[in-house]
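One letter stands for each residue in the lines below.
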Amino acid sequence: MAKQWWKESVVYQIYPRSFNDSNGDGIGDIPGIIEKLDYLKELGIDVIWLSPVYDSPNDDNGYDIRDYQAIMDEFGTMEDFDTLLEEAHNRGIKIVMDLVVNHTSDEHAWFVESKSSKDNPKRDYYIWKEGKGDQPPTNWESAFSGSTWKYDETTGEYFLHIFSKKQPDLNWENEDVRKDVYDMMKWWLDKGIDGFRMDVINFISKDPRFPDGEVHPGKQYGDGGKYFMNGPRIHEFLHEMNQEVLSKYDVMTVGEMPGATPDEGKLYTADDREELNMVFHFEHMDIGGGELGKWTLNPWKLTELKSILSKWQYALEEKGWNSLYWNNHDQPRVVSRFGNDAEYRKKSAKMLATCLHMMKGTPYIYQGEEIGMTNVAFDRIEDYEDLESLNMYEERVNDFGEDPGSVLERIHHRGRDNARTPFQWNAGKNGGFTDGTPWLAVNPNYTEINAEEAVNDPDSVFHFYKKLIELRKSNEVVVYGRYDLLLEDSEAIYAYTRTLDSDQLLVLCNFTGEKQTAQLEDFAGKSGSVFLTNREGDVVDAEDLKEVELEPYEAIVFTVK
Ligand code: TEU
Ligand code: CA
């Protein structure tokens, strides 16, 4: 397994709109990020993944790009960006940008041209089709509710938008599109950025037949996913991007891939494939879903979570590389979802961090995760901003007659705004995020949960993450050791080992609020010295690892003797 800097790094994702506002307009910005680089240096992270900062009308908060080579006014100027890049590099921190090239904004110059007439030279930069009678070309459902097709009166055709109506899909079959994208990527790489996170990059190759999808029970539209995820030319396009651009720079790439399986993950990330370095899959994020996808609130089982994560660990053990994440700007806060954000908030946040960071792969920390920020539950739909939630609310209440309260409950548990409430810096006004009116309300618990309190408390979640990062830096077994799952049938304990030559770590995580005993027959007669734990107070090494008591939400990692 070749050693690479991005395999040994810890990445921190910044959602700029919610990170830190430097000029009082209530919106986070690039100068605000620069103000906090020393905080990130203190945490010990190596790379920042910056969610989009490009010019955008913000229909989808920057994931609808209007100009790939200009900075969004609300976030600052290109000079601000250049300063951020320089200041980050001065601190030994790399910057990875968010590449959103499955679609653009409908206000991008390319789309303005493309939609102007059928014979415009840019017409085929996007995907235009005749309808079927008065119906759209396919019955596919958009990720943001409704059809994936919008009818255009001017030219009498429909254009494809898997996401919002203001996010038309680019036509990657058109080599001019690919060339323009590669030129733009080189422009950013020549500025000195250190790589890309690639937004839904496994959507760029569509099945050219554009068949209808299956209409599942309770749904109005068809499921087009198998016709636009991991499509027929996806590996060809990614290999071309690698050869034309990525291979010419020392960069890190991670592809966001809803619908990717471990077998595909191997194809996307094996070194000899010359495609990407790693992928974000969603299999562990999708557990507890149902008929309405993530909006169905089913209970989740630890055995399912363990099976999914282990499948990915095993699949990429020899070839390829895993990303490790619980959170990002699209997911609810992990301490609320898989932990306990009430009486065991700090303890369970540390347990979840241990469970993830002791695995094999590159860990990603999402802003606020390192201080145990939680979900939020606003009382009214008007308090929410995210179009994915607002569109779903509209559809369920107006088209399906659902009770508004029960739809709001779904948003409380799964909505993306849970991750987008402003970062909580201190117990002052608006949690120290802004002197103005925040674009999205601050979670009212900022008075107890904030960075200032965390940095000053040696026993905080922040200092625990800092310790995890230090251990990763000083122990090769954490980065390169083989993963083996234990106690696979336990619904309470997540147990696994990491082995590198004679080094072995035993990781035990209690995912419950009750005492548990790990019965480890295979470790009878072996002793363990404590490598890391979230247990408060005195901690004793284990004489015999055959049986280990675990407190509620306790994580303990032993070096096996
Ligand atoms: O998200 C891709 C995606 O599939 C989303 O639908 C996400 O999985 C879902 O919202 C989870 O509930 C990427 C970006 O991360 C997201 O912020 C954008 O809205 C989307 O693509 C379109 O660019
Ligand atoms: Ca601002």
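The protein appears in an unreviewed UniProt entry as oligo-1,6-glucosidase from Pontibacillus chungwhensis BH030062. Per UniProt, the protein has the following entry under Catalytic activity (unreviewed entry): "Hydrolysis of (1->6)-alpha-D-glucosidic linkages in some oligosaccharides produced from starch and glycogen by alpha-amylase, and in isomaltose." The heading Sequence similarities (unreviewed entry) in the UniProt record of the protein holds the text "Belongs to the glycosyl hydrolase 13 family."

A. Main features of empty space enclosed by the protein. Using the criterion set out here, one finds 6 cavities of 30 Å³ or more in the structure. In this structure, the largest cavity spans a volume of roughly 70 Å³. Lining of the largest cavity is provided by His281, His284, Leu309, Trp312, Gln313, Asn322, Ser323, Leu324, Tyr325, Leu356 and Met359. Of all the secondary-structure elements, those providing two or more residues to the lining of the largest cavity are α9 (302–315) and β12 (323–324). Counting residues per element, the lining of the largest cavity draws most heavily on α9, which supplies 3 residues.

B. Inspection of the sheet that holds strand β5 (residues 94–99) at higher detail. The sheet built from 8 strands is open, its strands ordered β11-β10-β9-β5-β2-β1-β13-β12 with parallel pairing. At either end of the open sheet lies a strand with only one pairing partner, and these are β11 (278–280) and β12. As judged from the 3 bridges shared by strand β10 (residues 252–256) and β11, these two strands associate in the parallel manner. By the bridge assignment, Glu256 is partnered in β11 with Phe280.

C. Fine view of the coordination of the calcium ion (ligand 2). Coordination of the calcium ion (ligand 2) by the protein involves Asp21 (OD), Asn23 (OD1), Asp25 (OD), Ile27 (O) and Asp29 (OD), with metal-donor separations of 2.2 to 2.4 Å. Sequence spacing of the donors to the calcium ion (ligand 2): D-x1-N-x1-D-x1-I-x1-D.

D. Just the packing of aromatic side chains, in detail. Applying the stated criterion to the full structure yields 42 aromatic pairs. Judged by centre distance (6.4 Å) and plane angle (70 degrees), the rings of Phe282 and Tyr325 are edge-to-face. Residue Phe282 is found in the loop between β11 and α9, and its partner Tyr325 is found in the loop between β12 and α10 (334–337); the two are separated by 43 residues along the sequence. For the pair shown, Phe282 and Tyr325 are each scored as buried. Geometrically, the ring pair formed by Tyr314 and Tyr483 is edge-to-face, given 5.7 Å between the ring centres and 65 degrees between the ring planes. One end of the pair, Tyr314, is in helix α9; the other, Tyr483, is in strand β14 (residues 482–486), and 169 residues separate them in sequence. The class of Tyr483 is buried, set by a relative accessible area of 1%. Ring pairs connect the aromatic residues Trp140, Phe144, Trp149, Phe163, Phe203, Phe210, Tyr227 and Phe228, which therefore count as one cluster. One Lys or Arg, Lys36, reaches over the ring of Trp425 and ends 4.1 Å from the middle of that ring.

E. Examining unusual backbone geometry more closely. A positive phi angle is found at Asn430, which is not glycine, with a value near 50 degrees. Assignment of secondary structure puts Asn430 in the loop between α13 (404–414) and α14 (451–455). The buried category is assigned to Asn430, whose relative accessible area is 16%. Phi is positive for Tyr553, which is not a glycine, with a value near 55 degrees.

F. Broad picture of the packing of helix α8 (residues 262–269) against α9. Close contact between α8 and α9 brings their axes to 9 Å; oriented N to C, the two are set at 35 degrees. With respect to the hand of their crossing, α8 and α9 are arranged in right-handed fashion. Between α8 and α9, the contacting residues are Pro262, Gly265 and Lys266 on the first element and Lys311, Trp312 and Ala315 on the second. Partitioning the contact of α8 with α9 into residue classes produces 3 nonpolar, 1 polar and 2 charged.

G. Structural view of α9. Here α9 contains 14 residues, and its C-alpha end-to-end distance of 20 Å stays within 8% of the 20 Å for a straight helix at 1.5 Å per residue. For α9, a buried count of 10 out of 14 residues is recorded, marking the element as mostly surrounded by other parts of the structure. Residues Leu302, Thr303, Leu305, Lys306, Ile308, Leu309, Ser310, Trp312, Gln313 and Ala315 constitute the buried set of α9. Buried residues belonging to α9 abut α8, β11, β12, β14 and β15 (493–500).

H. Representation of the site of ligand 1 in the model. With respect to spatial proximity, 18 residues lie near ligand 1, and among them Asp60, Asp199, Lys294, Asp330 and Arg416 are the closest. The side chain of Asp199 places a nitrogen or oxygen atom 2.8 Å from an oxygen atom of ligand 1. Residue Glu388 places a side-chain N or O atom 2.9 Å away from an oxygen atom belonging to ligand 1. Here ligand 1 has 500 Å² of accessible area as a free molecule, and 93% of this is covered by the chains.

I. Highlighting the sheet that holds strand β8 (residues 157–160). Spatially, β6-β8-β7 is the arrangement adopted by the 3 strands of the open sheet, whose pairing is antiparallel. Taken across any chain shown, the strands that pair with only one partner, and hence form the sheet edges, are β6 (128–129) and β7 (149–152). Relative to β8, β7 is paired through 4 bridges, and the arrangement is antiparallel. Bridging across to β8, Trp149 finds its partner in Leu160.

Procedures and definitions
- Each chain has its residues counted from 1, following the order in which its sequence is written.
- Lettering of chains starts at A and numbering of ligands starts at 1, both following the order in which they are written.
- The model is predicted, so local features are restricted to residues of pLDDT at least 70 and side-chain atom pairs to those at 80 or more, both for listing and for counting; the totals for chains, interfaces and linings are taken over all residues.
- Only hydrogens and water are set aside when side-chain values are computed; all heavy atoms of the structure are taken into account.
- UniProt positions are given in the numbering used here, feature names are shortened, and annotations may be inferred rather than shown by experiment.
- The method works on a 1 Å grid over the protein atoms by themselves. A cavity is a set of points holding a 1.4 Å probe that cannot get out, a pocket is an open set with protein on both sides within 12 Å along at least five of seven lines, and residues with an atom within 4 Å of a point line them.
- Grid points are joined across faces, edges and corners, and a volume is the space filled by probe spheres set on the points.
- Helix numbering and strand numbering both begin at the N terminus, where a helix is a DSSP run of H or I of at least 4 residues and a strand a DSSP run of E of at least 2.
- The pairing criterion for strands is at least two bridges between them, as found by DSSP.
- Coordination here is defined by N, O and S atoms within 2.8 Å of the metal (3.2 Å for Na, K and Ca), and since water is not considered, a site can look incomplete.
- Ring geometry is summarised as follows: Phe, Tyr and Trp rings, the Trp one being its six-membered ring, pair when their centres sit within 6.5 Å, and such pairs are stacked at plane angles under 30 degrees, edge-to-face over 60 and tilted between the two.
- Only protein chains enter the accessibility calculation, which uses a 1.4 Å probe; a residue is then buried when its area is under 20% of its type maximum, exposed when over 50%, and partly exposed in between.
- Our definition puts a charge over a ring when NZ of Lys or CZ of Arg is within 6 Å of the ring centre and also within 35 degrees of the ring normal.
- Here, axes are lines fitted to C-alpha atoms. For helices the fit covers the stretch in contact, and angles between N-to-C directions go from 0 to 180 degrees.
- Crossings are sorted by hand: turned counterclockwise from the far helix by less than a right angle, the near helix makes the crossing left-handed, and turned clockwise it makes it right-handed.
- Any two residues whose heavy atoms approach within 4.5 Å are treated as being in contact.
- Side-chain classes follow a simple rule in which Ala, Val, Leu, Ile, Met, Phe, Trp, Tyr, Cys and Pro form the nonpolar group, Asp, Glu, Lys and Arg form the charged group, and the remainder, Gly included, forms the polar group.
- The span one expects for a helix is its residue count, reduced by one, times 1.5 Å.
- Nearness is defined per residue: one heavy atom within 4 Å of the molecule or strand is enough.
- Within 3.5 Å is the distance limit for a polar contact, defined as a pair of N or O atoms, with the added protein rule that one can donate a hydrogen and the other accept it, and that residues adjacent in sequence qualify only through two side-chain atoms.
- The Shrake-Rupley method, run with a 1.4 Å probe, gives the accessible areas here. Residue values count only the displayed protein chains as cover.

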